[in-house]
Structures are given as C-alpha cells and as structure tokens.
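Each chain, written out:
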Amino acid sequence: MRAAVMGSPIVHSLSPFLHRAAYREMGLAGWSYEAFECDEARLPELLGELTPVRGQGRAGEDAWAGLSLTMPLKRAVLPLLDTVSELAVEVGGANTVVFRDGRRHGDNTDVHGIVRALAEAGVRAPRSAVVLGGGATAASTLAALRELGLHAATLLVREPARAGGTAEVAERLGMALSVETLDKLDVFTGADLVVSTLPGGAADAFADRLARVSALFDVVYSPWPTRAAAAVAAAGGTVVGGFAMLLHQAVRQVELMTGRTDVPVEAMRAAGEAEIRRRATAPA
C-alpha cells in the first residue's frame, strides 16, 4: 500500500518521518509513504494520476491507501472528493484523503491533533479562548475549542475584512465569534487559552504581552521554542507546541488509512523529535 503527503512547499514536511515510523512499528512492511510537491493548480491532475487506489486494481498490486494534505490544498481538494466528513465540511478543509472502494473520502484530523495536544498539556476545559490569525488552522482551532466545550471565542487578525471565511466557519460550528485587530491583544491576555496560528516568527512581536497569558498554544514547531512560547514558559504559564498537534493529527491519519487502532504514538513522537533535532544541528 502507498501513501503520501502533498503540498507546497513540501520539502521540510515531517509527515514522512512520522508515518514511516508507524509503519515500521506496526509491521506494515509493504507500506510506503512519499512526499509530493503539489500546488492548487496541479492537484486535480495529480489526484487523477494516483492509480490504482484501494478497492481497484489486481490482487497483489500496490494501491494508494491515502494522502496527507498541507497548505495550500486543504480547501482546494474538497470539490475533488466523492465524500467529505461533516467535520471537514464545517471547518472548510480536509487534510486527509482516504481511498476506499475506489472512492475518495475527505476528513480533517487537525482538530483531533489540536484537542490531543492540549489534553497532553493538561488544557482540557478552558473557559475562554483567543485565536491569533484567521487561516485554515484557525478554523480547525475553533472546531477544537467547540469540542472542549466552548461556544464563543475571540479572533485577532491584522485585517478583520479578510476574516470572513473563518467567521463563516464559526457560524457553521454554532460558535459566537468576536473579530478584533491584533493590536488589541492586551485586552485579551486574561483569557484561559491563547492559540497562535500565525506563521513562524510572526508572534514574536507580541512575546512580551503574551507572557501574561496562563496558557499558550503556538502551532509553530520549528524553530522551537518561539520567543512567545519562551516568554510564557519563563513566566510560569503552560506552553503547547505545534509538534504535538502535528504528531496527533498524523496518528489519526494512520488509523484512518490503515484501519487499525494500535498506532505507536511514542515511536512516531521519537522519530519526529529526532528529525527536528537533526535539522537544528545540520549545517546551513
């Protein structure tokens, strides 16, 4: 069986290290996991080239079991799928494609990854939350907050006019969403949880203000810790990093693609952390 991660850029993806570690520990000797550079324009063509898929082809022939999708493909893939999970519809993006019976099924495991990452750090029932950034990860974060029992959140973005898509996600999720500008962060540092979905380095400018929050989930995993995460940790707050989210969404992907629940979380964690350390010490 074959699987892969697609996106652009894809060269630095940790997904191959996580999935391959799972296959080794699970004894799936006939499984492989690759990485393909793919943008939105090429996605329909590349999906069409993935043949045979599970449920088609001859006995003993290598078939495609599934795909992991990263940016910018999570939204673009939706109209190319045969079925889509309710969660993926709600958040407006699928990061997982599973092939079964010759059909393409889309799902979202990012939400699971966020919930599990927070739970590992002891963040299970925040009474209030603020989300920095308004992209696809912010949308998945809102769904994760709903799973944690929240029905309202605040979104801080640079340009509120560009947060319309995330506001629509909140409406589908049945969540009340207040949208403000990032320069008002000081007003919201008393929230139980702040989630930064900003790209690497973008939250560093707010490190001094974020140091006052009780819990910060920063979706960046490299370089780690970010200045914001270090500031919160130094002040005694709870810090959750992006690697934990990446790990647990990958665990759920392996479950969906293999149909098994005995996924070796710690072996995957060790493989991912080892690769992060290797990259941190590798010559430029």
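These figures come from a predicted structure and were not determined experimentally.

1. What about the pairing of strand 2 (residues 32-37)?
Across six bridges, the pairing between strand 1 (residues 2-7) and strand 2 is parallel. Of the residues in strand 2, the one forming a bridge with valine 5 is alanine 35. Read from strand 1 through helix 1 (residues 15-26) to strand 2, the crossover connection turns out right-handed.

2. Examining helix 9 (residues 227-234)
Here helix 9 has its buried residues at Ala228, Ala229, Ala231 and Val232. Looking straight down helix 9, one finds its buried side chains confined to an arc of 160°; they lie on one side. Away from its buried face, by an angle of more than 90 degrees, helix 9 presents the exposed residues Arg227 and Ala234. On its buried face, helix 9 sits against helix 8 (207-210), strand 11 (215-218) and strand 12 (238-241). Immediately beyond the C-terminal end of helix 9, within one or two residues, lies glycine 236, with a positive phi of roughly 90°.

3. Considerations on empty space enclosed by the protein
By the definition in use, this model includes two cavities of 30 Å³ or more. Considering only enclosed or pocket space, the largest cavity measures out at about 50 Å³ in volume. For the largest cavity, the full set of lining residues is Lys74, Arg75, Val91, Gly92, Gly93, Asn108, Asp110, Ala136, Ala139 and Ser140. Counting only elements with at least two residues in the lining of the largest cavity, the list comes to helix 3 (73-76) and helix 6 (136-147). Per-element accounting of the lining of the largest cavity gives the leading share, three residues, to helix 6. Approximately 30 Å³ is the volume attributed to the second largest cavity. Along its surface, the second largest cavity is lined by Ser196, Leu198, Pro199, Gly200, Gly201, Ala203, Asp204, Asp218, Val220, Thr226 and Ala228.

4. Quick word on the pairing of strand 1
The buried fraction of strand 1 is high, at five of six residues. Bridging between strand 1 and strand 3 (residues 64-69) involves five bridges; their strand directions are parallel. Directly across from methionine 6, in strand 3, lies its bridge partner leucine 69.

5. Some words on unusual backbone geometry
Phi is mostly negative for residues that are not glycine, and the peptide bonds are mostly trans. Looking along the chain, the bond that leaves serine 8 and enters proline 9 is cis, with omega of 0°. With respect to the helices and strands, the residue proline 9 is situated in the loop between strand 1 and helix 1. In the segment running from threonine 51 into proline 52, the intervening peptide bond is cis, with an omega of -10°. Unusually for a residue other than glycine, aspartate 101 sits at a positive phi of about 55°. Following the sequence through the fold, aspartate 101 ends up in the loop between strand 5 (96-100) and strand 6 (103-107).

About the thresholds
- Residues numbered from 1 in each chain as written.
- Predicted model: local features only at pLDDT ≥ 70, side-chain atom pairs only at ≥ 80, totals over all residues.
- Heavy atoms only, no water.
- Pairing = 2+ DSSP bridges.
- Helix = DSSP H or I, 4+ residues; strand = E, 2+ residues; numbered from the N terminus.
- Right-handed = clockwise from strand over helix to strand, strands pointing away.
- Buried < 20%, exposed > 50% of the residue type's maximum accessible area, 1.4 Å probe, protein only.
- Arc of directions from axis to C-beta.
- Contact = heavy atoms within 4.5 Å.
- 1 Å grid on protein atoms, 1.4 Å probe; cavity = no way out; pocket = protein on both sides within 12 Å on 5 of 7 lines; lining within 4 Å.
- Points joined across faces, edges and corners; volume = space filled by probe spheres on them.

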